[in-house]
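# Close look at the chain arrangement
Below are the chains, spelled out letter by letter.
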Amino acid sequence: MPRGVPIVEPRQHLFAAAERVIAASGPGALTSRAVTREAGVATGLLFAHFANFDDFLVGYAVDRSFQIASAATGLTGRAGTGTVAGNLSETVLATPLLTVLAVTRLIACRPTLAARTEAVLGAGTAALRPLHRAVVEYLAAERRLGRTPAGADAEALTLAVVGVLHHVALTDGTDPAAESRIRRAVTALIDGSRAVTS
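I will try to describe carefully the structure that is included in this document. Every value quoted in this text rests on a predicted model; they were computed, and no experiment measured them.

### Re the overall build of the protein
- When its secondary structure is counted, the protein shows 10 helices and 0 strands.
- For the protein, the α and β elements follow one another from N to C terminus as α-α-α-α-α-α-α-α-α-α.
- Here the C-alpha coordinates of the protein stretch approximately 65 × 35 × 30 Å along the principal axes.
- In the protein, which comprises 198 residues, the proportion classed as buried is 43%.
- At a minimum sequence separation of 6, the contacts of the protein that also span at least 24 residues come to 66%.
- Carbon and sulfur atoms provide 57% of the accessible area of the protein, an area that totals close to 9300 Å².
- Of the side-chain charges in the protein, 19 are positive and 16 negative, and the distance between the mean point of each set is 3 Å.

### What about the side chain of Thr-117?
- Within the element layout of this structure, Thr-117 appears in helix H7 (residues 112-121).
- On the accessibility criterion, Thr-117 (0% relative accessible area) is buried.
- When sequence neighbours within four positions are dropped, the list of residues in contact with Thr-117 reads Ala-61, Val-62, Ser-65, Gly-122, Thr-125 and Ala-126.

### As for helix H6 (residues 97-109)
- With 13 residues, H6 ought to run about 18 Å at 1.5 Å a step, and its terminal C-alpha atoms sit 18 Å apart, in line with that.
- Along H6, the residues classified as buried are Leu-97, Thr-99, Val-100, Leu-101, Ala-102, Val-103, Thr-104, Leu-106 and Ile-107.

### A look at the packing of helix H1 (residues 10-25) against H6
- The interhelical angle for the contact between H1 and H6, taken along N-to-C directions, is 75°, at an axis separation of 9 Å. By the criterion of interaxial angle, the relationship of H1 to H6 is roughly perpendicular. Residues Glu-19, Arg-20, Ile-22 and Ala-23 of H1 lie in contact with H6, whose contacting residues are Leu-98, Thr-99, Leu-101, Ala-102, Arg-105 and Leu-106.
- Class assignment for the residues of the contact of H1 with H6 results in 6 nonpolar, 1 polar and 3 charged.

### Observations regarding the pattern of salt bridges
- Across all of its chains, the model carries 8 salt bridges by this definition.
- Salt-bridge contacts for Glu-19 lead to Arg-64; the nearest nitrogen and oxygen are separated by 2.8 Å. Placement of Glu-19 in helix H1 and of Arg-64 in helix H4 (residues 53-72) is noted, with a sequence separation of 45 residues between them.
- For Glu-19, a relative accessible area of 5% puts it in the buried group.

### Quick word on the packing of aromatic side chains
- What the rule picks out here adds up to 5 aromatic pairs.
- Between Phe-15 and Tyr-60, the aromatic rings sit 5.7 Å apart at their centres with planes inclined by 70°, giving edge-to-face as the arrangement. Here the residue Phe-15 occupies a position in helix H1, and Tyr-60 occupies one in helix H4, the gap between them amounting to 45 residues.
- According to the relative accessible area criterion, Tyr-60 is buried, its value standing at 1%.
- Between Phe-53 and Phe-56, the ring centres sit 5.5 Å apart and the planes meet at 20°, which makes this aromatic pair stacked. Placement of the pair is Phe-53 and Phe-56 together in helix H4, with a separation of 3 residues, close to one helical turn.
- Classification of Phe-53 as buried rests on a relative accessible area of 15%.

### Focus: the environment of Thr-73
- Checked against the element boundaries, Thr-73 lands in the loop between H4 and helix H5 (84-92).
- Owing to a relative accessible area of 62%, Thr-73 belongs among the exposed residues under this scheme.
- Taking the C-alpha atoms as reference, Thr-73 lies 13 Å from Leu-128; in sequence the two are 55 residues apart.

### Considering the environment of Leu-45
- Mapped onto the elements of the fold, Leu-45 is located in helix H3 (residues 43-49).
- Between the alpha carbons of Leu-45 and Thr-187 there is a distance of 44 Å; along the sequence they are 142 residues apart.

### What to know about the side chain of Thr-95
- With respect to the helices and strands, Thr-95 occurs in the loop between H5 and H6.
- Among all residues touching Thr-95, those that are not within four sequence positions of it are Gln-67, Ile-68, Ala-71 and Val-100.

Conventions we followed
- Residues numbered from 1 in each chain as written.
- Predicted model: local features only at pLDDT ≥ 70, side-chain atom pairs only at ≥ 80, totals over all residues.
- Heavy atoms only, no water.
- Helix = DSSP H or I, 4+ residues; strand = E, 2+ residues; numbered from the N terminus.
- Buried < 20%, exposed > 50% of the residue type's maximum accessible area, 1.4 Å probe, protein only.
- Contact = heavy atoms within 4.5 Å.
- Areas by Shrake-Rupley, 256 points an atom, 1.4 Å probe, with all protein chains shown as cover.
- Lys, Arg positive; Asp, Glu negative; His and termini not counted.
- Charge placed at Lys NZ, Arg CZ, Asp CG, Glu CD.
- Expected span 1.5 Å × (residues − 1).
- Axes fitted to C-alpha atoms, helices over the stretch in contact; angles between N-to-C directions.
- Parallel < 35°, antiparallel > 145°, perpendicular 65-115°, else oblique.
- Nonpolar A, V, L, I, M, F, W, Y, C, P; charged D, E, K, R; others polar.
- Salt bridge = Lys/Arg side-chain N within 4 Å of Asp/Glu carboxyl O.
- Phe/Tyr/Trp six-rings, centres within 6.5 Å; stacked < 30°, edge-to-face > 60°.

Following this line, the structure appears as structure tokens:
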């Protein structure tokens with residue numbers, strides 16, 4: 001990036017660069033130099049906004065975990081509207097797959113980030129945990145409305161739905177066909193739950 005060109009939302013610019021580094025080379029390749037090189041900025045920009053690189057990683061994990069939690073907010077309120085599979089698909093795909101890929105790989109590589117994220121946002125808020133909780137609550141609400149079978153196991157279905165998101169994001173997160181694969185899988189899981197319990 002040319003000198004003197006202001007960067008809108010520099011923290012987000014750096015976070016996006018970190019995601020691209022993780023997607024391309026894995027979390028082990030994540031350094032301040034790798035992030036700023038990918039972002040096209042001087043290394044000093046990162047340290048102008050974060051005390052050190054660990055602080056940057058915590059900031060990233062908190063920001064993206066909050067983004068995932070925000071995307072899941074309101075899912076239970078959609079119970080009784082639209083289709084169950086459609087509501088679930090829209091919610092799990094509300095966060096870009098590149099973000100899901102990066103934050104889950106980073107937290108798996110640096111487990112202390114989960115605790116540090118939850119110290120800021122509260123218990124059960126790191127990475128995909130708030131999405132898991134929202135899907136359980138939503139499926140339970142749909143079961144009460146009779147839109148999923150009375151015998152449907154909301155917790156087991158949630159593990160499957162969130163597991164599909166996690167698997168596809170980690171293996172094909174940058175593939176343009178990834179979102180359609182997730183939608184098909186979620187629809188099959190919901191349809192399958194009706195068939196198994198009927």
